[in-house]
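# Tertiary structure, described
What follows is each chain in one-letter form.
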Amino acid sequence: MKNSNNLFFPIQVTKPRNLKNDILSGLTVALALVPEAIAFAFIMKIDPIIGLYAAFIMGLVTALLGGRPGMISGATGAVAVILAPLVAQQIDVAVSAGLSSEAAMQSALGYLFAAVMLMGIIQVLFGVLKLGKFIRLVPHPVMLGFVNGLAIVIFRSQFEMFHLGHIESSRERIIIWTVMGILIAMTMAISYFMPKLTKAVPATLTALVVVSLLGFALNRTGVEVRTVLDFVRDNAPSDGPVRTTLAAGLPKFSLPNIPLTWQAFKIILPFSVLAASVGLIESLMTLTLVDELTETRGFGNQECLGQGIANIINSLFGGMGGCAMIGQSVINIRAGGRGRTSGITAALGLLGFILFGSALIEQLPLAALVGVMFMVVIGTFEWSSFRVIKSIPKSDALVIILVSLITVVENLAVAVAVGIILSALVFAWKKGKKMEASSALDQFGAKIYSLDGALFFGSVQSFKDIFDYQSDPLDVVIDFANAHVHDHSGLEAVNFVADKYGQLGKKLHLLNLSDECRQLIDKADNIVEVTILEGMHYELADDKLAWGEGIRILERLKRQKKAK
């Protein structure tokens, strides 16, 4: 999935890694983090500052401790959608108990922060147990579907910025939308053409500055240009907190305030497990994407640890939790960010906006941020998938399309799970059709079946059909020199064949088993009743089930050899 395959707007991945690029790209990302963190907080109907704190904490901690320099983490929609029902549930419970709306919100936040803490602990355990390596099990078509679906999700989410809840006049709406369209086009044009002129300054940051200055000028002339503060005011839930400014202080330490009971633990556990799983899937797949864009390698297990520690700290300092962000990560890569400094700068820049620069951030034109995100969409989507879809196997094409659609209509975790399962079933079907064998009689009159293929659940039936149970001699040998037993289904198939021959008074022997196959059969000694042989001279291995019977067979074969 090399980025050179992007046919229209290739992401710039050739910039050298240096401190200047990291700092400038980090500042660009800090601006792009603001509206999404606010929007995700609104999904949960909580104070937008909680989303901004989460973006700051996730970004800083993962930049310092994560496994992928240059990757950006923050408050994300994937985690917000999972934890939002918990907040709503606990608000209803508290209101039913007679608490005021403010007290109900505080109670719900206690459960939210506790769930984020447990989410982080689960992610840390994933890293300690080194389970991050399983991201390698995600097939390439699933990765293509993932990035395509996520690009569509990012594109679709930007249209929320066009919401004009406070304006009823159609004429005014059309004027505002027209101005936004022009500013979006300018942002995209600067982002695309400026690198062709100079790469001294990130094109994305330049576009944000130029369009912001133009937006300020238009506002002074009486032309309404939608700003970040307009977005906050227009989209604040009617039953949630309303803010007139984004200014705030430093996040404060506080333990999650929930009852320390088994019942409370059972309430947060399902939300935490699902959020931890989705967060790690999105983070590790984003890590893989950034690896390919930069042609470097990140470390999945370390990223699991970084994500988990970040979420634990989030829960202690009033953050809503999160994970890696593919959109902001791509912005960082496009702007030249490669090192940990870029992520640290983005996080500290965001904190600086909250503490000191809220007045400027509040007036940032939404159109400029939408234009940046549209460029991310164009750079993220794998346009090459249209070109290759006719030349790849139909099953792979189906996986790409299916994962893309499920990512859009459901969520990332379900899409990836479906893609992996479908790919595994296709693989099993293809491998199952390739179990082959040749047969011949040896000098002792035993029939030897030389297998070629993998024996597992997909090839069990073709394996059973190989043998001529009625016509075969008293001793039958299966040579595994070119085959392996992979799972319980394979063991049961061997046992089935052994039983079939046993009913006819015949014996089955296994030859040239690999060490892995020996260990598998040794652990299943109550399932497989066979003799394991070494070499073509039938010297018996130490098999605790069939040793006595094996000795008798060996003696009989030796007597037959002497008689000849």
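Throughout, residues of each chain are indexed from 1 in the direction in which the sequence is written. Given that this is a predicted model, residues contribute local features only at a pLDDT of at least 70 and side-chain atom pairs are listed and counted only at 80 or more, while totals for whole chains, interfaces and linings are drawn from all residues. Computation of side-chain values: all heavy atoms of the structure, hydrogens and water removed.

## Considerations on helix 16 (residues 394-409)
Think of it this way: any DSSP run of H or I at least four residues long counts as a helix, any run of E at least two long counts as a strand, and we number them from the N terminus. How far a helix is expected to stretch is found by multiplying one less than its residue total by 1.5 Å. Helix length check: helix 16, at 16 residues, gives a terminal C-alpha distance of 22 Å against a target of 22 Å (1.5 Å per residue), a fit within 8%. Exposed residues in this analysis have more than 50% of their type's maximum accessible area, buried residues have under 20%, and partly exposed residues fall in between, with area computed by a 1.4 Å probe over protein chains only. For helix 16, the complete set of buried residues consists of Ser395, Ala397, Val399, Ile400, Val403, Ser404, Ile406, Thr407 and Val408.

## So, the pairing of strand 6 (residues 507-511)
By the criterion of burial, strand 6 is predominantly enclosed, with four of the five residues buried. Relative to strand 6, strand 5 (residues 475-485) runs parallel, the two sharing five bridges. Residue Ile478 lies in a different strand from strand 6, and its bridge partner there is Leu510. Strand pairing is assigned whenever DSSP identifies at least 2 bridges connecting the two strands.

## Details of the environment of Ala185
Mapped onto the elements of the fold, Ala185 is located in helix 6 (residues 170-197). Expressed as a C-alpha distance, the spacing of Ala185 and Ala368, which sit 183 residues apart in the sequence, is 9.0 Å.

## Things to note about the nonpolar core
With 112 residues, the main nonpolar core has Ile38, Met44, Ile46, Leu52, Leu83, Leu112 and Met320 as its most contacted residues. What we call a nonpolar core is a set of buried Ala, Val, Leu, Ile, Met, Phe, Trp, Tyr and Cys residues that are connected through their side-chain atoms within 4.5 Å. Grouped together as the second largest cluster of nonpolar side chains are 22 residues, Met435, Leu451, Phe467 and Ala483 included.

## A short note on the packing of aromatic side chains
Two rings belonging to Phe, Tyr or Trp (six-membered ring only in the last case) form a pair when the distance between their centres is within 6.5 Å. Interplanar angles under 30 degrees mark stacking, angles over 60 mark edge-to-face geometry, and anything in between is tilted. Per the counting criterion, the structure on display carries 13 aromatic pairs. Grouping aromatic residues by their ring pairs yields a cluster made of Tyr449, Phe463, Phe467, Tyr469 and Tyr501. Geometrically, a charge over a ring is one whose NZ (Lys) or CZ (Arg) sits within 6 Å of the ring centre while staying within 35 degrees of the ring normal. If you follow Lys464 out to its NZ or CZ, it ends over the ring of Phe496, 4.4 Å from the centre. The lysine or arginine in question, Lys500, covers the ring of Tyr469, its NZ or CZ lying 5.8 Å from the ring centre.

## Concerning the packing of helix 1 (residues 19-43) against helix 11 (residues 326-334)
At a closest axis distance of 9 Å, the pairing of helix 1 and helix 11 adopts a crossing angle of 160°. With respect to helix 11, the element helix 1 is oriented roughly antiparallel. In this structure, helix 1 crosses over helix 11, and the sense of that crossing is right-handed. Of the residues in helix 11, those in contact with Ser25, Gly26, Thr28, Val29, Ala32, Leu33 and Glu36 of helix 1 are Gln328, Ile331 and Asn332. Amino acids outside the nonpolar list (Ala, Val, Leu, Ile, Met, Phe, Trp, Tyr, Cys, Pro) and the charged list (Asp, Glu, Lys, Arg) are all regarded as polar, and Gly is one of them. Of the residues belonging to the contact of helix 1 with helix 11, the class tally is four nonpolar, five polar and one charged. Only the stretch in contact is used when fitting a helix axis, every axis being a line fitted to C-alpha atoms; angles between N-to-C directions are given from 0 to 180 degrees. Relative orientations are named as follows: roughly parallel for angles under 35 degrees, roughly antiparallel for angles over 145 degrees, roughly perpendicular for angles from 65 to 115 degrees, and oblique for any other angle. In this scheme the crossing of two helices becomes right-handed for a clockwise turn of the near helix relative to the far one and left-handed for an anticlockwise turn of less than a right angle. By definition in these notes, contact holds between two residues if any of their heavy atoms fall within 4.5 Å.

## As for a nonpolar patch on the surface
Two joining distances apply to patches: 9 Å for like charges and 5 Å for nonpolar side chains (Val, Leu, Ile, Met, Phe, Trp, Tyr), and every residue must have over 30% relative accessible area and no salt bridge. Here the accessible surface of atoms and residues is derived via Shrake-Rupley with a 1.4 Å probe, and residues count as covered only by protein chains that are part of the display. One speaks of a salt bridge when a side-chain nitrogen belonging to Lys or Arg is within 4 Å of a carboxyl oxygen belonging to Asp or Glu. Taken together, the side chains of Ile121, Leu125, Val128 and Leu129 define a hydrophobic patch exposed on the protein surface, amounting to about 380 Å² of accessible area. Residue placement: Ile121 occurs in helix 4 (residues 101-128).

## Some thoughts on the pairing of strand 4 (residues 447-455)
Examined bridge by bridge, strand 3 (residues 436-441) and strand 4 share six bridges and lie antiparallel to one another. Within strand 4, the residue paired with Glu436 across the bridge is Asp452. Counting the residues in the hairpin turn of strand 3 and strand 4 gives five residues, including Gly445, whose phi is positive at 90°. In terms of strand pairing, strand 4 meets strand 5 through eight bridges, oriented parallel. Bridging from a neighbouring strand, Tyr449 pairs with Ile478 of strand 5.

## Topic: the environment of Leu131
Its place among the elements puts Leu131 in the loop between helix 4 and helix 5 (140-157). On the accessibility criterion, Leu131 (28% relative accessible area) is partly exposed. Considered as a pair, Leu131 and Gly300 are 169 residues apart in the sequence and their alpha carbons are 8.3 Å apart.

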